[in-house]
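# A look at the structure
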Amino acid sequence: MEEHSNIEKITSKIIEDARKKADGIIEDANTAAKEKKASARKKGSDIKAYILDSAGKSAEQTEKKMISAATIKARTAILESKEKLILEAFEKAAEELEKISEGREYSGVLKKLATATCINIGGGDLELVVRKNDEDLLKKELKKIEEEVKKSTGKKTSLKISGDGKVAGVIVRNLDDKIEIDSTFKNRLELLRPELRLKVAEALFR
Amino acid sequence: MVEDVLKLVRKAEEDAEKLIVDAKNKTADILSNADKDAKKIIEDLEDEGRKEAQIIIEKVKKEGESEAKKIIDTEEKKASKLEKESRKNLGDGVKIIVDSVLNL
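Procedures and definitions
Residues numbered from 1 in each chain as written. Chains lettered and ligands numbered in written order. Predicted model: local features only at pLDDT ≥ 70, side-chain atom pairs only at ≥ 80, totals over all residues. Heavy atoms only, no water. Helix = DSSP H or I, 4+ residues; strand = E, 2+ residues; numbered from the N terminus. Rg over C-alpha atoms; globule rule 2.2 N^0.38 Å. Buried < 20%, exposed > 50% of the residue type's maximum accessible area, 1.4 Å probe, protein only. Lys, Arg positive; Asp, Glu negative; His and termini not counted. Charge placed at Lys NZ, Arg CZ, Asp CG, Glu CD. Contact = heavy atoms within 4.5 Å. Buried area = accessible area lost by both parts, 1.4 Å probe. Salt bridge = Lys/Arg side-chain N within 4 Å of Asp/Glu carboxyl O. Pairing = 2+ DSSP bridges. Axes fitted to C-alpha atoms, helices over the stretch in contact; angles between N-to-C directions.

Each helix and strand in chain A was counted, giving 5 helices and 4 strands. N-terminal to C-terminal, the α/β element order of chain A is α-α-β-α-α-β-β-β-α. Against the 2.2 N^0.38 benchmark of 17 Å for 206 residues, chain A shows a C-alpha radius of gyration of 49 Å, more extended than a compact globule. Oriented by its inertia axes, the alpha-carbon framework of chain A measures out at about 160 × 35 × 30 Å. A burial count over chain A gives 40% of its 206 residues as buried. The average position of the 44 basic charges and that of the 39 acidic charges among the side chains of chain A differ by 2 Å.

Below, the structure is given as structure tokens:
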């Protein structure tokens, strides 16, 4: 009976030891599994944080770009608005000049313009090219212009008129030097445009 | 009698061996499942990150659009006001041009 009990003790011990060892193996595995998951959580969290950080930076950049584009667009709107008015001023000025060229005071304007242009070219034998209809306006002033040019330039001046002009104003040609100054309204408007833009802008947006 | 004893001990040793083998097999399962779980944890967090990132991007985009609209609206109003007020000076601008062209 005692012998039987001893055998049972031995076998129980064998089983008990094995169970402990098995439990230890499983416990180690569970610990390793926990570590793997914890490590995965850490890695996952790092990846998530990286994604969110990148998204935040990218979103911030996008927002900055949108605001910058809007600011440029807004500035453009102001500039376009100013440009529109400046162009309108030039258009209205062209209309006004057209009216003047058809009005009563044009004779005086043409004389003054012709005189100034003849002086600028330096006097001499000059041809004044005007519109056909303007020939008579200038003819009666011709002598006075010649005198004024001579007085101003000190050079004997002789003027003749051509009615080949197409637009208001005058083109003065020096027949000797083959130099000409185009003082038509259209040309003066274009020549003066760059310097006038600033003055007009100052007047408009003061 | 001795044979019987040896048989019992051998049986116990076999059972013990089986316990160890089973435990090792279970360990392999535990670790394999842990690998799968770990992979899923990473994928889930990555997905979560992507979804949250999309929300952040959409939110900031909307804020940006709203802010941009506000800037444009404000400046367009300014432009409109500027045009309205400057239009009053149009006559002066025209006069400057006409006088210069006429050499007055």
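Facing the 67 residues of chain A at the interface are 61 residues of chain B. Summing the contributions of chain A and of chain B, the shared interface buries around 5,600 Å²; its carbon and sulfur component is 79%. Run the count over chain A and chain B and you get 7 salt bridges. Among the salt bridges present, the one from B:R87 reaches A:E88, with a minimum N-O distance of 2.6 Å.

Residues and elements named next belong to chain A. Tracing the backbone shows E141 in the loop between α3 (135–139) and α4 (142–153). For E141, a relative accessible area of 15% translates into the label buried. Separated by 30 residues in the primary sequence, E141 and K111 have C-alpha atoms spaced 6.9 Å apart.

Moving on: the side chain of B:T27. By the secondary structure assignment, B:T27 is in helix α1 (residues 2–87). Assessed through its relative accessible area of 13%, B:T27 is described here as buried.

Now for the sheet that holds strand β3 (residues 169–174) of chain A. All names here are of chain A. Spatially, the 4 strands line up as an open sheet ordered β2-β1-β3-β4, and their pairing is mixed. Of all the strands in the sheet, the pair left with one neighbour each is β2 (158–165) and β4 (179–184). Strand-to-strand twist across the sheet, computed as the mean angle between neighbouring axes with direction ignored, equals 20°. Bridge count for β3 against β4 is 6 bridges, and the pairing is antiparallel. In the strand pairing of β4, V170 is matched with S183.

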